[in-house]
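Below, each chain spelled out in residue letters.
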Amino acid sequence: MNEKLEELISLLYQDKLTQCGKRLLVENIEKQQKEIKELKQAIENAKWYIHQMLVRINEDIADYIDDDKEKNRNIIGELKETKKQWQDVEKLLNGENKDKLYNDWSKYGEYE
């Protein structure tokens, strides 16, 4: 919360807020509500994208397994690793055990 908003809220509690101050407070609250709504929508969009990536990776893995060629084993392993990374990102967006996921992120190499 920014300092001006905190000051307005403090004045509101002290019952010293002018009509203009009340309007500014309401405008600040509405602005923050809009920003929160936009952030929630961005998170939902990211979750949808991640879900689509996981579906695509699962389909690719199934295709390579059906093809049953020796060289596909390496590709399947890489796809499974990519799938695990996307699943970790999905867990972060869902708020699951962030500390553990952040600590484990270095296992992917490029984030060490």
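This text gives an overview of the structure that appears in the document. (Residues numbered from 1 in each chain as written. Predicted model: local features only at pLDDT ≥ 70, side-chain atom pairs only at ≥ 80, totals over all residues. Heavy atoms only, no water.)

### Re the overall build of the chain
Each helix and strand counted, the chain has four helices and zero strands in total. Counting across all 112 residues of the chain, residues that qualify as buried make up 17%. Considering only contacts within the chain whose residues lie at least 6 apart along the sequence, 38% involve residues at least 24 apart. Surface accessibility of the chain: about 9,000 Å² in total, with carbon and sulfur atoms responsible for 49%. (Helix = DSSP H or I, 4+ residues; strand = E, 2+ residues; numbered from the N terminus. Buried < 20%, exposed > 50% of the residue type's maximum accessible area, 1.4 Å probe, protein only. Contact = heavy atoms within 4.5 Å. Areas by Shrake-Rupley, 256 points an atom, 1.4 Å probe, with all protein chains shown as cover.)

### Let's talk about the packing of aromatic side chains
Scanning all chains against the criterion turns up one aromatic pair. Consider the rings of Tyr49 and Trp86, whose centres lie 5.7 Å apart with planes at 70°: the pair is edge-to-face. Of this pair, Tyr49 sits in helix H2 (residues 19-67) while Trp86 sits in helix H3 (residues 72-93), and the two are 37 residues apart along the sequence. (Phe/Tyr/Trp six-rings, centres within 6.5 Å; stacked < 30°, edge-to-face > 60°.)

### So, a negative patch on the surface
Together, Glu59, Asp63, Asp66 and Asp68 make up a region of like negative charge exposed at the surface. Turning to its location among the elements, Asp68 is positioned in the loop between H2 and H3. By relative accessible area, which is 65% here, Asp68 ends up exposed. (Patch = residues over 30% accessible without salt bridge, like charges linked within 9 Å, V, L, I, M, F, W, Y side chains within 5 Å. Salt bridge = Lys/Arg side-chain N within 4 Å of Asp/Glu carboxyl O. Lys, Arg positive; Asp, Glu negative; His and termini not counted. Charge placed at Lys NZ, Arg CZ, Asp CG, Glu CD.)

### Looking at the environment of Ala62
Note on placement: Ala62 falls in helix H2. Its relative accessible area of 34% is what places Ala62 among the partly exposed residues. Taking the C-alpha atoms as reference points, Ala62 and Ile76, 14 residues apart in sequence, are found 8.9 Å from one another.

The values are spatial; any link to function lies outside them.
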